[in-house]
Amino acid sequence: MIKKCLFPAAGYGTRFLPATKSMPKEMMPIVNKPLIEYGVEEALEAGMSDICIVTGRGKRALEDHFDANYELEHQISGSSKEELLTGIRKIINECTFSYTRQREMKGLGHAILTGQTLVGDQPFGVVLADDLCINSDGSGVLSQMAQLYRQFRCSIVAVMEVPEDEVHKYGVIAGQAISDDLIRVENMVEKPRKEDAPSNLAIIGRYILTPDIFDLISDTQPGKGGEIQITDALMAQAERGCVLAYKFKGERFDCGSIEGFIEATNYCYDAFRK
Ligand code: G1P
């Protein structure tokens, strides 16, 4: 059973300036709930209640969000507003939170390596909170992946098909189909040009990683954009053993972009009103 889930959350969120000038991008609300809370809910649903967050300067609001606020709770106690805190209270009661800081922005691989001190020597989930995943017909994406992990015991990345002219925004995989929705990864490229992309199967921000990934990241040279890429470390893992790519069930919104954020807001607002 995987207990830990890592949230790299040190990034600046420059695409949302000026909103993110003094507020962490992970605190941007979709309707009335911050993005990171959706991610933590998904982790908890998958049984991962040890939440490990890689933060950075200016991210204190994250820690405050996952903590009691006695003054506020006292103020609204007994009023109808109290029920608005039911979800976050459940999370605070059922999860533990630990934090470490990433001092320099050196890529997602580096952010994940920074989290090693919190994760230790065990398999763990990774959630990139700006990819919002919702499966209204069943279990969440991380839970689907945890189920597969129990069977295969190796690293798993969530993938989806994207149009050819969007592959340059993602890590892209190719490999041998094991079943309709599962592929054994043989090739993996970070943000390829469309001419160089091995397929149109893009990695989205959900991973299950086995702990040998940490040594592989340590050995990974800076790649695309001069950053340490998790995609490159995973490619090394795929060459040595097994990495699976899973076509998940559900919707995914790129809330790191304005368009995706608005789409997610509309989608969640429909559900909120029902
Ligand atoms: C990161 C990863 C990329 C992945 C993407 C999913 O990129 O490096 O492989 O496809 O997340 O959202 P970023 O969007 O942080 O540039």
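Residues numbered from 1 in each chain as written. Predicted model: local features only at pLDDT ≥ 70, side-chain atom pairs only at ≥ 80, totals over all residues. Heavy atoms only, no water.

As recorded in an unreviewed UniProt entry, the protein chain goes by UTP--glucose-1-phosphate uridylyltransferase and comes from Endozoicomonas euniceicola. UniProt's Function (unreviewed entry) comment on the protein chain is quoted here verbatim: "May play a role in stationary phase survival." As stated in UniProt under Sequence similarities (unreviewed entry), the record for the protein chain gives "Belongs to the UDPGP type 2 family." (UniProt positions renumbered as here; feature names shortened; annotations may be inferred.)

Draft legend 1. Spotlight on the overall build of the protein chain. When helices and strands are tallied, the protein chain shows 10 helices and 13 strands. Taking 274 residues into account, the globule formula puts the C-alpha radius of gyration at 19 Å, and the protein chain, at 18 Å, falls close to it. Summarising its shape, the C-alpha atoms of the protein chain cover approximately 55 × 40 × 40 Å along the three principal directions. A burial count over the protein chain gives 50% of its 274 residues as buried. Put simply, 76% of the contacts in the protein chain that link residues at least 6 apart link residues at least 24 apart. Charge centroids of the protein chain, computed over 30 positive and 40 negative side chains, lie 3 Å from each other. (Helix = DSSP H or I, 4+ residues; strand = E, 2+ residues; numbered from the N terminus. Rg over C-alpha atoms; globule rule 2.2 N^0.38 Å. Buried < 20%, exposed > 50% of the residue type's maximum accessible area, 1.4 Å probe, protein only. Contact = heavy atoms within 4.5 Å. Lys, Arg positive; Asp, Glu negative; His and termini not counted. Charge placed at Lys NZ, Arg CZ, Asp CG, Glu CD.)

Draft legend 2. Quick peek at the site of the ligand. Residues in contact with the ligand amount to 13 residues; listed here are only the nearest, D131, G171, E190, K191 and I203. Here an oxygen atom of the ligand and a backbone polar atom of I203 are 2.6 Å apart. Protein chains shield 75% of the accessible area of the ligand, which is 380 Å² for the free molecule. When atoms are counted within 2 Å of each cavity's grid points, the one that captures over half of the ligand is the largest pocket. Looking at the shell around the ligand residue by residue, the classes come out as 6 nonpolar, 4 polar and 3 charged. (Near = heavy atom within 4 Å. Polar contact = N/O pair within 3.5 Å; in protein donor to acceptor, adjacent residues only side chain to side chain. Areas by Shrake-Rupley, 256 points an atom, 1.4 Å probe, with all protein chains shown as cover. 1 Å grid on protein atoms, 1.4 Å probe; cavity = no way out; pocket = protein on both sides within 12 Å on 5 of 7 lines; lining within 4 Å. Sits in = over half its atoms within 2 Å of the grid points. Nonpolar A, V, L, I, M, F, W, Y, C, P; charged D, E, K, R; others polar.)

Draft legend 3. Summary view of unusual backbone geometry. Along the chain, L17 connects to P18 via a cis peptide bond; the corresponding omega equals 5°. Mapped onto the secondary structure, P18 falls in the loop between β1 (4-8) and β2 (29-30). Even without glycine at this site, R153 takes up a positive phi of about 55°. Positionally, R153 belongs in the loop between α7 (141-152) and β8 (155-161). Among the residues examined, R153 registers a relative accessible area of 52% and is labelled exposed. One non-glycine residue with positive phi stands out, namely K191, at about 40°.

Draft legend 4. Fine view of the layout of surface pockets. In this structure, the largest pocket spans a volume of roughly 1100 Å³. Forming the walls of the largest pocket are 39 residues, and the residues nearest its centre are R15, K25, L128, D130 and K191. At 4 residues, the largest contribution of residues to the lining of the largest pocket is made by strand β11 (residues 201-209). Here the residues of the lining of the largest pocket are counted per class, giving 18 nonpolar, 10 polar and 11 charged. (Points joined across faces, edges and corners; volume = space filled by probe spheres on them.)

Draft legend 5. Summary view of the pattern of salt bridges. The full count for this structure, using the stated rule, is 14 salt bridges. A salt bridge links K59 to E26; the nearest nitrogen and oxygen atoms lie 2.8 Å apart. Taken together, the positions of K59 in the loop between β4 (50-55) and α2 (60-65) and E26 in the loop between β1 and β2 put the pair 33 residues apart, joining distant regions of the chain. The salt bridge involving D131 is made with R252; its shortest N-O contact spans 2.6 Å. Taken as a pair, D131 in strand β7 (residues 131-134) and R252 in strand β13 (residues 251-254) lie far apart in primary sequence, 121 residues in all. For the pair D131 and R252, one class covers both residues: buried. (Salt bridge = Lys/Arg side-chain N within 4 Å of Asp/Glu carboxyl O.)

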